[in-house]
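Here are the chains, one letter per residue:
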Amino acid sequence: MGIPMESTTKRADLNETQDVEATSKSKHKTSVFEAVAHLFKGSVGAGLFAMGDCYKNGGLIGATILMPIIAVICVHCEQMLIKGSMLAVERNKSATFYDYPETVEKCFEAGPKPFRRLAKLMKFIVEMFLCVTQFGFCSIYFVFITENLHQILQSYGIDISLSLTMLICLLPAMIPSLMTNLKYISPVSAFASFALIFGLVATLCLAFLDGPMPSISERNLFKFGPELSLFFGTALFSFEGIALILPIRNSMKEPKKFNQRFGVLNISMLIITLLFTFTGFVSYTKWGENVEGSITLNLNPDDKLSQAVKIAAALGVFFGYPIQFFVMMKIIWPPVKQNMALAQRRPITVQVVFRFIMVLLTFGVALLVPKLHLFISLIGALCSTSLAFVFPVFIDFVVRAQTPKNLGTWVYLKNMIILIIALLGIITGTYESIHEIVKAFYED
C-alpha cells in the first residue's frame, strides 16, 4: 500500500514470485514466516516516509482513527480478490494460479452474460492502472532522491537547482534500468530494503534525540475538507499492495494459512498499520505543520549523522528504481513487441531503446511535478484507490451475481459503501492533488 516505495517493492516481489513459479513448479515453497517477510517488505516503504505529511492532512487523532479503518477495508478487499481468484482457478482445471488482471478477466468471463463481453476490457484497465501506478512510483523515486541529495549539496555550499540535481541522478538510474533480466537486478533488493529500514529507524531516533517532543495540544487533532482528501490519497498509496497478495499466497507451502483469521495477511497488515501509525504520529508530533513529504527532509541538513541517514534512504530508493522500472516494463513491453514489426526482428535493440525512452519519461514527469507529497497523494487517490477498493468490489459483485442468493442486502450495502468511499476518495483526492500541484507549479 510516499517516498521510497519499497525498494524491492510491491510488484517487484510480485514478478520475482511469478518468474520463479513459471520456471519451476515450486522448487521452494515459502513458509509462513517467509510469506510475512515478503508481504512486509513489499508494503513498507511505499508511503512510510510520507506518514508525517499524511498525519498533517488527517490530524493527530483523526489520522490515528482512520488509518486502521482504511487498513481493515484494504484487507477485506484483498480477501474478496483471493476468493475470486480461487473460484476462477477451480473452474479451469489446467490453471494453478491467476494474477490480479487475470483474476478480473476470468471472473467477468464466468459472470452473467452482460459482464462477459467486458472481461478483456476489465483486464486491460487493471493492467493500465498497475502500469500508471508503477510509472508514478518511478517518478516519485526521482523526486525523493533529488530532494535529499539537493539538501545535502546545499549544506556544503554547492548551490545548484533542483532540476540540475535531478539531471545528475538520471544517468546512474538509467544504466541498471536498461537491463532486461531481473536476475541481474534483484540482488540489490536486500540492500535497498535494509537502507530504507535503517533510514526510518535512524530518522525517528534523531527526532527523539533532538530536544523534547512538543505537546500534543500544539497539533491539530482533526482535519476536514481538502486536506482530508490529501490524507486519503497518501494513506491508500501507503497501503496499496494488493497486486502482491495472489503471488505470495500461491508461493506458500500451505496457502490456506495466508488468508485465515490469524494468517499471514491479517498479521502482516496489523504490523504494517502499527508501524505506519507510529511513524506518522511521531513525525507530525515532532515537526507539526512543517513536516515534509519525506520525514528525512526535516533532519538538520548540516548534521553529519543526518546527512548519512538521508544518503542511506536515498540509496535505498535509488537501488529500488530499476526493480520498479522492470515491473512496469513487464506490463508495457509485451504488447509493444507484439504490435511492432521491428521489435520482433530486433527485440533486444528495440527494448533497450524503448527502456531509454521510458526512463526519460519518468524523469520528465518528476521534473514537472517536483512536490513529493502532492505526487504521492495524486497516485494514491487516482490509482491505488481503484486497485485496492474498486476492482475487488467489482469482482465480488460479479462472482456473487452467478448465484443471486449470495448477493444479499448486507453484501450489497457493504460493497456500495466501499464503492462510495472509494469514489469520494478518487474524485476529491485527485482534484485536490492536481489543484495543489498546479498551484505549486505557478508559485515556483
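Thresholds applied
- Residues numbered from 1 in each chain as written.
- Predicted model: local features only at pLDDT ≥ 70, side-chain atom pairs only at ≥ 80, totals over all residues.
- Heavy atoms only, no water.
- Helix = DSSP H or I, 4+ residues; strand = E, 2+ residues; numbered from the N terminus.
- Buried < 20%, exposed > 50% of the residue type's maximum accessible area, 1.4 Å probe, protein only.
- Areas by Shrake-Rupley, 256 points an atom, 1.4 Å probe, with all protein chains shown as cover.
- Phe/Tyr/Trp six-rings, centres within 6.5 Å; stacked < 30°, edge-to-face > 60°.
- Salt bridge = Lys/Arg side-chain N within 4 Å of Asp/Glu carboxyl O.
- Axes fitted to C-alpha atoms, helices over the stretch in contact; angles between N-to-C directions.
- Parallel < 35°, antiparallel > 145°, perpendicular 65-115°, else oblique.
- Left-handed = near helix turned anticlockwise from the far one by under 90°.
- Contact = heavy atoms within 4.5 Å.
- Nonpolar A, V, L, I, M, F, W, Y, C, P; charged D, E, K, R; others polar.

Observations regarding the overall build of the protein
What the protein contains, in helices and strands, is 17 helices and zero strands. For the protein, the proportion of its 444 residues judged to be buried stands at 55%. In the structure as shown, the protein presents an accessible area of about 19300 Å², 68% of it carried by carbon and sulfur atoms.

Quick look at the packing of aromatic side chains
Within this structure, the stated rule accounts for eleven aromatic pairs. Aromatic pair phenylalanine 129 and phenylalanine 391: ring centres 5.6 Å apart, planes at 70 degrees, arrangement edge-to-face. You can see phenylalanine 129 sitting in helix α7 (residues 119-155) and its partner phenylalanine 391 sitting in helix α16 (residues 372-401), a full 262 residues away along the chain. The partly exposed category is assigned to phenylalanine 129, whose relative accessible area is 22%. According to the relative accessible area criterion, phenylalanine 391 is buried, its value standing at 5%. For the ring pair tryptophan 333 and phenylalanine 354, a centre distance of 6.0 Å and an interplane angle of 40 degrees mean the geometry is tilted. Here phenylalanine 354 lies in helix α15 (residues 347-368) and tryptophan 333 lies in helix α13 (residues 304-339), a separation of 21 residues in the sequence. Taken as a pair, tryptophan 333 and phenylalanine 354 share a single burial class, namely buried. Linked through ring pairs, Phe129, Phe391 and Phe394 together constitute an aromatic cluster.

Considerations on the pattern of salt bridges
Under the definition given, this model contains nine salt bridges. When the shortest N-O distance is used, the salt bridge between glutamate 105 and lysine 123 registers 3.6 Å. Taken together, the positions of glutamate 105 in helix α5 (residues 100-109) and lysine 123 in helix α7 put the pair 18 residues apart, joining distant regions of the chain. Note that glutamate 254 and lysine 257 form a salt bridge whose closest N and O atoms lie 3.0 Å from each other. Residue glutamate 254 is classed as partly exposed on the basis of its relative accessible area, which comes to 44%. Beyond isolated ion pairs, a larger network of salt bridges with shared partners links Glu105, Lys120 and Lys123.

A look at the packing of α5 against α16
With their axes 9 Å apart at the nearest point, α5 and α16 run at an angle of 30 degrees to one another. Regarding the angle of α5 to α16, the classification is roughly parallel. Crossing angle aside, the handedness with which α5 passes α16 is left-handed. Contact with α5, carried on its side by Tyr100, Thr103, Val104, Cys107 and Phe108, involves Leu387, Phe391, Pro392, Phe394, Ile395, Val398 and Val399 of α16 and no other residues of that element. Grouping the amino acids of the contact of α5 with α16 by side-chain chemistry returns eleven nonpolar, one polar and no charged.

Remarks on the side chain of aspartate 53
As for its position among the elements, aspartate 53 is in helix α3 (residues 51-58). Setting aside its immediate chain neighbours within four residues, aspartate 53 contacts Thr234, Val291, Glu292, Gly293 and His373.

Comments concerning the environment of leucine 66
Position of leucine 66 relative to the elements: it lies in helix α4 (residues 60-91). Of the residues examined, leucine 66 reaches a relative accessible area of 28% and is grouped as partly exposed. Beyond its immediate stretch of four places on either side in the chain, leucine 66 contacts Leu228 and Phe231.

Concerning the environment of asparagine 290
You can see asparagine 290 is positioned in the loop between α12 (264-287) and α13. Taking the relative accessible area as the measure of exposure, asparagine 290 reaches 61% and is therefore exposed.

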